[in-house]
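Notes for the structure review
Spelled out, the chains give:
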Amino acid sequence: MVSGLINENPIVYEIKERRDVRAYSSNTDELSVDAIDQLEVFDILFVCLDIKDPEHPYSLEQLKVLTEDSVEVDDSKSRVRVTFTPTVEHCSMATIIGLCVRVKLMRSLPSRYKIDIRVAPGTHATEAAVNKQLNDKERVAAALENPNLVEMVDECLSPSFE
């Protein structure tokens, strides 16, 4: 993790129980397209593999950076929007957090989905700049060519064995 923490004492929340995504899949045809809903995207982000905060040993869900309500899905238009809330207004890790969410969804969702990652309005000092960076394909591609950033993203996406 990172030294010189921006938010040394974050509030840690209890994680609520969720359904088993696999239990709700009724379609047995491997070639058919299953609809994806808000809860399934949220479960992709957390049940399969916690996304850890880059600064703390907690998941983004435990810190309420992401909640179930922060995920919007329009399956008919193949769009997913995730809005996250940094723990502090001047969070220097906001871009890394958004990149982790984007990479997790890129690796997990079918390629037909357009992924939009946003900072919640009014929750970050440089909200517009972070949103622009997270949704610019060229900037994301360049970030994913940087071995140090990829290592940090992979660390945040690695399983936690608590």
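For the structure itself, consult the block above.
Residues numbered from 1 in each chain as written. Predicted model: local features only at pLDDT ≥ 70, side-chain atom pairs only at ≥ 80, totals over all residues. Heavy atoms only, no water.

**Quick word on the state of the cysteines**
To be explicit about the condition: Note that a disulfide, as used here, is simply two cysteine sulfur atoms within 2.5 Å. With a 1.4 Å probe rolled over the protein chains alone, any residue whose accessible area is under 20% of its type maximum counts as buried; one over 50% counts as exposed, and the rest are partly exposed.
Scanning the model with the defined rule gives zero disulfides in all. Considering cysteine sulfurs only, Cys-156 is the nearest to Cys-100, which forms no disulfide, with 3.8 Å between them. Assessed through its relative accessible area of 3%, Cys-156 is described here as buried.

**Quick word on the environment of Ser-59**
For clarity, the threshold we go by: Note on conventions: DSSP H or I runs of at least 4 residues are helices, E runs of at least 2 residues are strands, and numbering of each starts at the N terminus.
With respect to the helices and strands, Ser-59 occurs in the loop between helix 1 (38-46) and strand 1 (71-74). Separated by 47 residues in the primary sequence, Ser-59 and Val-12 have C-alpha atoms spaced 9.2 Å apart.

**Quick word on the layout of surface pockets**
What counts, and what does not: Space inside and on the surface of the protein is sampled on a 1 Å grid over the protein atoms alone, with a cavity defined as a set of points where a 1.4 Å probe fits but cannot get out and a pocket as an open set with protein on both sides within 12 Å along at least 5 of 7 lines; lining residues have an atom within 4 Å of a point. Grid points are joined across faces, edges and corners, and a volume is the space filled by probe spheres set on the points.
Estimates place the volume of the largest pocket at around 290 Å³. Lining the largest pocket are 14 residues, and of these Arg-102, Tyr-113, Lys-114, Ile-115 and Lys-137 lie nearest its centre. Counting residues per element, the ones that place at least two in the lining of the largest pocket are helix 2 (94-108), strand 3 (114-119) and helix 4 (137-143). When residues in the lining of the largest pocket are grouped by element, the largest group, three residues, is from helix 2.

**Focus on the side chain of Gln-62**
Counted only if it meets this: Polar contacts here mean pairs of N or O atoms no more than 3.5 Å apart (in protein, one a potential hydrogen donor and the other a potential acceptor; neighbouring residues in sequence count only if both atoms are side-chain atoms).
Structurally, the position occupied by Gln-62 is in the loop between helix 1 and strand 1. A polar atom in the side chain of Gln-62 sits 2.8 Å from the backbone nitrogen of Ser-59.

**Thoughts on unusual backbone geometry**
The residue Lys-64 is not glycine, and still its phi comes out positive at about 55°. With respect to the element layout, Lys-64 can be found in the loop between helix 1 and strand 1. The exposure class of Lys-64 is partly exposed, given its relative accessible area of 42%. Backbone geometry places Ser-78, a non-glycine residue, at a positive phi of 55°.

**Description of the pattern of salt bridges**
Worth spelling out the cut-off: The term salt bridge refers to a side-chain nitrogen of Lys or Arg lying within 4 Å of a carboxyl oxygen of Asp or Glu.
Enumeration according to the criterion identifies five salt bridges in this entry. Ionic pairing is found between Asp-154 and Arg-107, a salt bridge with its closest N-O pair at 2.9 Å. Taken together, the residues span a long stretch of sequence, with Asp-154 in helix 5 (residues 147-157) and Arg-107 in helix 2 at a distance of 47 residues. For Asp-154, a relative accessible area of 34% gives the class partly exposed. Across the pair Arg-139 and Asp-136 runs a salt bridge, and its minimum N-O distance is 3.8 Å. A relative accessible area of 38% places Arg-139 in the partly exposed class. Judged by relative accessible area, Asp-136 falls into the partly exposed class, the value being 24%. One connected set of salt bridges, linked through shared partners, spans Arg-81, Asp-116 and Arg-118.

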